[in-house]
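Summary of structural features
Spelled out from the first residue to the last, the chains are:
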Amino acid sequence: MRISLSDITKNFEEVEAALTNQEALEEANRCLFCYDAPCIKACPTGIDIPKFIKKITSGNLLGSAKTIMESNPVGASCSRVCPTEELCEGSCVLNHSTKPIMIGNLQRFATDWAIQNEKVLFRQEKRNGKKVAIIGSGPAGLSAARELALFGYDVTVFEALEKAGGLNTYGIVSFRLPQKISYWEVDQVKSLNVNIKTNTKVGKDVSAEEILNSFDTVILAAGMSKVPGLDIDGEELEGVYDAIEFVKETKTKPLSNDIKGKKVAVIGAGNTAIDGATCSVRLGAENVKILYRRTLEEMTAYDFEYDFAKQDGVEFRWLTAPKKIIGKDGKVIGIECVRMELGDPEKDGRKRPSVVPGSEFILEVDAVIKAIGQTRHIELINEFKLNHQGGVVEVNKETFQTSNPRVYACGDIVFGKGVGEAMVVTAAQQGKETAYAIHKQLMKAETA
């Protein structure tokens, strides 16, 4: 099949169509507006879902968007990337009779209206004289910044990359989450007089000491870093990609034909692996396989992501691990794999994989995409001299304070293996909770 660059560009347009006005109205009117709504309890950010849906039925889309964004500062992004079938929609009482309300789609309908009409939803009305620095502008950092600004703090966000938004801007594929959505959320935070300094890396452009000397409190919300190495031969070959960088390039550079016609192997089975695989399909790959050392039961990707990949024609090879990447003239031509079998459960509950002796086999591939998790910002953590476990910052679970009581941390930088849920929506909630903890602590100190 021939595929042109114009076809590739169309492939990266948002896959799910928005609800029409009529569809949104009909869907909103299906809601029972439960008094003790289980959908609210299922939302990590506690959005008053019946309230925002009720406002849609009355034509108050501004009020609907405000209701959503008041609880979730990245609510427009979450309307697209949240695993709603596991959260709000999974808790809808209508699951027992017909089908759940399309809460995610209605949330998108309201926030899209605010985006299209260039609405500024919140204003900072006071300043309290306190200054807070936030390292990282992803969901956790933006949420903390928004809440603190509303409390009256002078907030400065330090972002190492060219654009703010973190994962939502760079790490989620365009056909799921267009950058313009993330940019709007960033602009909502900026409208509260939050100063976001991009292209500013802590430890290089500004030191931790300078920040600690200039601000009352600091929040680390830097997320995680790049994909680690596979520790196998052949990783240096042309045609081996870091999944994070691979996805990022599809969002920041002109789409290319580099993957067109190639056979691609993706190592890993999380959401980033799915993104790498589906991006490859849309870039014109001839065949895409996801290789995972465990089984479907243990994979960490959301169910809807898995279903989407299957619909895109991605193959899944379970109980398969890479042993060696094979090259010729400096380029990838294949990957040697080995069969795995599962043993006893590990600490995170997933069964431990082990090699089946003598089970080696070779797959013919032209490209390998590594998606086996992410490394940690250990240099940044050490810059602030904080206690951590392998790059997972240790925090007080109630206050989010680190070993330095003036430094707080939230989001993926405190997310450890088997602990919590690494979702955009939970990072946003942690950002909010950290802001509340800081406000409580600083106000308490002021009145002491």
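The numbers attached to residues start from 1 for each chain and follow its sequence in the written order. Since the coordinates come from a predicted model, pLDDT governs what is reported: local features require at least 70, and pairs of side-chain atoms require 80 or more to be given and counted, while whole-chain, interface and lining totals use all residues. As a convention, hydrogens and water are excluded, and side-chain values are obtained from all of the structure's heavy atoms.

1. Digging into the environment of Ser 256
Note the threshold: Here a helix means four or more residues in a row that DSSP labels H or I, a strand means two or more in a row labelled E, and each is numbered from the N terminus. Burial here depends on accessible area, computed with a 1.4 Å probe over protein chains only, as a share of the maximum for the residue type. Under 20% is buried, over 50% is exposed, and the range in between is partly exposed. Whether two residues are in contact is decided by their heavy atoms: any pair within 4.5 Å suffices.
Following the sequence through the fold, Ser 256 ends up in the loop between α13 (243-252) and β6 (263-267). Using a relative accessible area of 28% as the deciding quantity, one classes Ser 256 as partly exposed. Note: C-alpha distance between Ser 256 and Phe 361 (105 residues apart in sequence) is 31 Å. Dropping the residues within four chain positions of it, Ser 256 is found in contact with Leu 5, Ile 8 and Leu 283.

2. Quick notes on the packing of aromatic side chains
Rules: Aromatic rings from Phe, Tyr and Trp, with only the six-membered ring used for Trp, were paired whenever their centres fell within 6.5 Å, and each pair was classed as stacked if the ring planes differed by under 30 degrees, edge-to-face if by over 60, and tilted otherwise.
For the structure shown, the criterion picks out 10 aromatic pairs. With 4.8 Å between their ring centres and 70 degrees between their planes, Tyr 306 and Phe 316 make a pair best called edge-to-face. Here Tyr 306 is found in helix α15 (residues 303-311), whereas its partner Phe 316 is found in strand β8 (residues 315-317), with 10 residues between them in sequence. A relative accessible area of 16% places Tyr 306 in the buried class.

3. A word on the pattern of salt bridges
As a reminder, the rule being used: Any Lys or Arg side-chain nitrogen found within 4 Å of a carboxyl oxygen on Asp or Glu counts as a salt bridge.
For the structure on display, the rule yields 17 salt bridges. The salt bridge involving Arg 176 is made with Glu 305; its shortest N-O contact spans 3.8 Å. Of this pair, Arg 176 sits in the loop between α10 (167-170) and α11 (179-190) while Glu 305 sits in helix α15; the two residues are 129 residues apart in sequence, bridging distant segments of the chain. Overall, the relative accessible area of 8% leaves Glu 305 in the buried class. Note that Arg 294 and Glu 346 form a salt bridge whose closest N and O atoms lie 2.4 Å from each other. Taken together, the residues Arg 294 in the loop between β7 (287-291) and α15 and Glu 346 in the loop between β10 (331-345) and β11 (351-355) connect sequence positions 52 residues apart. Several salt bridges converge on common partners, so that one network encompasses Glu 14, Arg 80, Arg 108 and Asp 112.

4. Quick word on helix α14 (residues 271-282)
Counted only if it meets this: The span one expects for a helix is its residue count, reduced by one, times 1.5 Å.
In this model α14 runs 16 Å from its N-terminal to its C-terminal C-alpha over 12 residues, within 8% of the 16 Å that 1.5 Å per residue would give. Along α14, 9 of the 12 residues are buried, which leaves the element largely enclosed by surrounding structure. Of the residues making up α14, those classed as buried are Ala 273, Ile 274, Asp 275, Gly 276, Ala 277, Thr 278, Cys 279, Ser 280 and Arg 282. Remark: Gly 284 follows α14 within two positions and exhibits a positive phi of approximately 100 degrees.

5. Re the sheet that holds strand β3 (residues 195-197)
Our working definition: At least two DSSP bridges between two strands are required for those strands to pair. Each axis is a line fitted through C-alpha atoms, and for a helix only the stretch in contact is used; angles between axes span 0 to 180 degrees, taken between their N-to-C directions.
Pairing is parallel in the open sheet, where 5 strands are placed in the order β3-β2-β1-β4-β16. Of all the strands in the sheet, the pair left with one neighbour each is β3 and β16 (407-409). Pairwise comparison of adjacent strand axes, ignoring direction, gives a mean angle of 20 degrees for this sheet. Of the strand pairs in this sheet, strand β4 (residues 217-220) and β16 are connected by 3 bridges, and their pairing is parallel. What sits directly across from Val 218, in β16, is Val 407.

6. Comments concerning the sheet that holds β8
Spatially, 5 strands are ordered β5-β13-β6-β7-β8 in an open sheet, and the strand pairing comes out parallel. Each of the sheet's edge strands pairs with one partner strand only, and the pair in question is β5 (240-242) and β8. Across the sheet, the mean angle separating the axes of adjacent strands is 25 degrees when strand polarity is ignored. Judged from the 5 bridges that link them, β6 and β7 form a sheet pairing that is parallel. Paired with Ile 267 across the two strands is Leu 291, which belongs to β7. The strands touched by α13 are β5 and β13 (367-370); relative to β5, the strand with the most contacts, the crossing angle is about 80 degrees.

7. Structural notes on the UniProt feature "domain: Dihydroprymidine dehydrogenase" (unreviewed entry) in the chain
As a reminder of what qualifies: UniProt positions are given in the numbering used here, feature names are shortened, and annotations may be inferred rather than shown by experiment.
Per the UniProt annotation, the sites labelled "domain: Dihydroprymidine dehydrogenase" (unreviewed entry) are residues 10-118. Secondary structure content for residues 10-118 is 55% helix and 0% strand, and the end C-alpha separation is 25 Å.

8. Overview of the nonpolar core
Quick reminder of the rule: By convention a nonpolar core is built from buried Ala, Val, Leu, Ile, Met, Phe, Trp, Tyr and Cys residues, the set being connected through side-chain atoms within 4.5 Å. Residue ranges labeled as domains rest on an automatic or database domain assignment.
Ranked by internal contacts, the top residues of the largest apolar core, which has 71 residues, are Phe 52, Leu 106, Ile 134, Leu 148, Val 194 and Ile 219. The element contributing the most residues to this core is helix α17 (residues 424-447), with 8 residues. Each of domain 1 (14-117) and domain 2 (131-225 + 377-445) contributes no fewer than three residues to this core. In contact with Ile 219, other than residues within four places in its own chain, are Val 132, Ala 133, Ile 134, Ile 135, Ala 144, Leu 148, Tyr 408, Cys 410, Thr 434 and Ile 438. If you look at the next biggest cluster of nonpolar residues, it comprises 33 residues, including Ile 244, Leu 255, Ala 277 and Ala 371.

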